[in-house]
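# What the coordinates show
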Amino acid sequence: GSPGAMLADLPPELLAAVLRSMRLSDIGHLAYASRPLLGAVEAALQLRAQDGKDPLPRLPACEESWAPFLLRLDRLRAPTVVAAGDRHCLFVDSERRLLSCGFDSQHRAVLGHAHDLTSGGPPSLRLPVPSPVPAAAGLRVSGVAAGAVHSLLVTEGGVVYSWGSSKFGALGHGVDCDGRKVERQFEPRRVEALAGVRVVMVAASPSHGGWGLDYSHSLAVADDGAVFSWGAGKDSRLGHGSSNDVHTPRRIDALKKQRIASVAAGENHSVALSNEGRVYSWGSGRWGQLGHGSLRNARLPRAVDALRDVWVCSVACGCYHNLALAWEGGGYS
């Protein structure tokens, strides 16, 4: 018989062991490819969840089975391969290469083309078409984030790189060997503080009306659902309970009990989406962007109660507003 039919004949416990090392999206593909395997996969997923490897999220009311739902959810939450900053864009092509275009200068260095800015040429650079970033030539990039004055990428292996400028630590490089804070990076540089953490997505804050005082911040989600933040701490946008700046990635302790699937960064606030479809926000609430029914700041991540009965599958931040997409259809802002 077919491989799918042969797997379907295995006891659920044995099938769970076979599936243990597979990604949830691959399990969904397997179930789709072999309809006889669907029932066995459902049972194996339950066993896999029970042993703590991959806790299953709530199943939306409109869904009847786990495997197809997990496959569609994985596709929806795929890493961002196109990102737009204030004056630059980042792209990941089909060969997993990093490309950038837009306006750059020695002050910001957001494009990652160091040679063009430091070789004695003009102090600014304009790239009208997406161009490969030479310093990232050996990387297989899975996702990117473009902020106002800095950029981030994550590789297929879960390694984070950053470049650009940040007076308040959004690059995540801490201090150099001479003890000075790293405020500018012309080429993608690995964020060493995340060594040992397999990151699956990154977010970089935008800016309204120009570069201002560069109160930028960064967010990252690990494959185990942990969330890290670093950069400017003004308005408690980092979620650590204070307004202190953080110059290297620090895990957000207030979200340790949640398995986070994705994050988004506004200018002075942040949003996280859990694997259960619940939304959390923190930072500045001056314009009502946190969704908590007031204009007060939130020093720590707090669930958006207005969405507690909605299975949210995707979130996005503007400078002062948020968007949420519901699994059953429809959007919220």
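The following refers to the structure shown. (Residues numbered from 1 in each chain as written. Predicted model: local features only at pLDDT ≥ 70, side-chain atom pairs only at ≥ 80, totals over all residues. Heavy atoms only, no water.)

Here we come to the sheet that holds strand E5 (residues 141-146). Taken in spatial order, the four strands line up as E5-E6-E7-E8 in an open sheet, and their pairing is antiparallel. Looking at which strands have only one partner, the edges of the open sheet turn out to be E5 and strand E8 (184-190). Strand-to-strand twist of the sheet, defined as the mean angle between neighbouring strand axes without regard to direction, takes the value 10°. As defined by bridge partners, E5 adjoins strand E6 (residues 150-155) across five bridges and the pair is classed as antiparallel. (Pairing = 2+ DSSP bridges. Helix = DSSP H or I, 4+ residues; strand = E, 2+ residues; numbered from the N terminus. Axes fitted to C-alpha atoms, helices over the stretch in contact; angles between N-to-C directions.)

Glancing now at the side chain of Asp104. For Asp104, the location among the structural elements is in strand E3 (residues 98-105). A distance of 2.8 Å separates a polar side-chain atom of Asp104 from the backbone nitrogen of Ala109. A distance of 2.7 Å separates a polar side-chain atom of Asp104 from the backbone nitrogen of Leu111. (Polar contact = N/O pair within 3.5 Å; in protein donor to acceptor, adjacent residues only side chain to side chain.)

With that out of the way, let us pick up the nonpolar core. As a rule of thumb, soluble globular proteins bury nonpolar side chains together. Membership of the largest hydrophobic core comes to 16 residues, with the highest contact counts inside it found for Val160, Leu194, Val199, Val202, Phe228 and Trp230. Every element with two or more residues in this core is listed here: E6, strand E9 (199-204), strand E10 (217-222) and strand E11 (227-231). It is E9 that contributes the most residues to this core, three residues altogether. In contact with Phe228, other than residues within four places in its own chain, are Leu194, Val197, Ser218, Leu219, Ala220, Ala222, Pro249, Arg250 and Arg251. (Core = buried A, V, L, I, M, F, W, Y, C linked by side-chain atoms within 4.5 Å. Buried < 20%, exposed > 50% of the residue type's maximum accessible area, 1.4 Å probe, protein only. Contact = heavy atoms within 4.5 Å.)

Looking now at the pattern of salt bridges. Note that side chains of opposite charge can pair when their charged atoms are close. Within the structure shown, the criterion is met by seven salt bridges. The partner of Asp253 in a salt bridge is Lys256, and the shortest N-O contact between them spans 3.4 Å. Residue classification places Lys256 among the partly exposed positions, given a relative accessible area of 48%. (Salt bridge = Lys/Arg side-chain N within 4 Å of Asp/Glu carboxyl O.)

Turning our attention to unusual backbone geometry. The phi dihedral of Arg96 falls on the positive side, at around 65°, and the residue is not glycine. Structurally, the position occupied by Arg96 is in the loop between strand E2 (88-92) and E3. Notably, Asp235 is not glycine yet its phi reads approximately 65°, a positive angle. Among the secondary structure elements, Asp235 is positioned in the loop between E11 and strand E12 (246-251).

With that settled, consider the side chain of Arg237. Along the chain, the position of Arg237 falls in the loop between E11 and E12. Overall, Arg237 belongs to the buried group, its relative accessible area being 2%. Within the structure, Arg237 has its side chain in polar contact with the backbone oxygen of Tyr215 (distance 2.6 Å). Once residues within four sequence positions are removed from consideration, Arg237 is found in contact with Tyr215, His217, Ala232, Glu267, Asn268, His269, Ser270, Trp282 and Gly283.

Bringing the pairing of strand E7 (residues 160-165) into the picture now. Among the six residues of E7, six are classified as buried, and the element is accordingly described as predominantly covered. Where burial is concerned, the two faces of E7 agree: the one with Val160, Ser162 and Gly164 and the one with Tyr161, Trp163 and Ser165 are both buried. Note: E6 against E7, five bridges, orientation antiparallel. Bridged to Ser151 within E7 is Trp163. Where E7 and E8 come together, four bridges link them in antiparallel fashion. Directly across from Ser162, in E8, lies its bridge partner Arg189.

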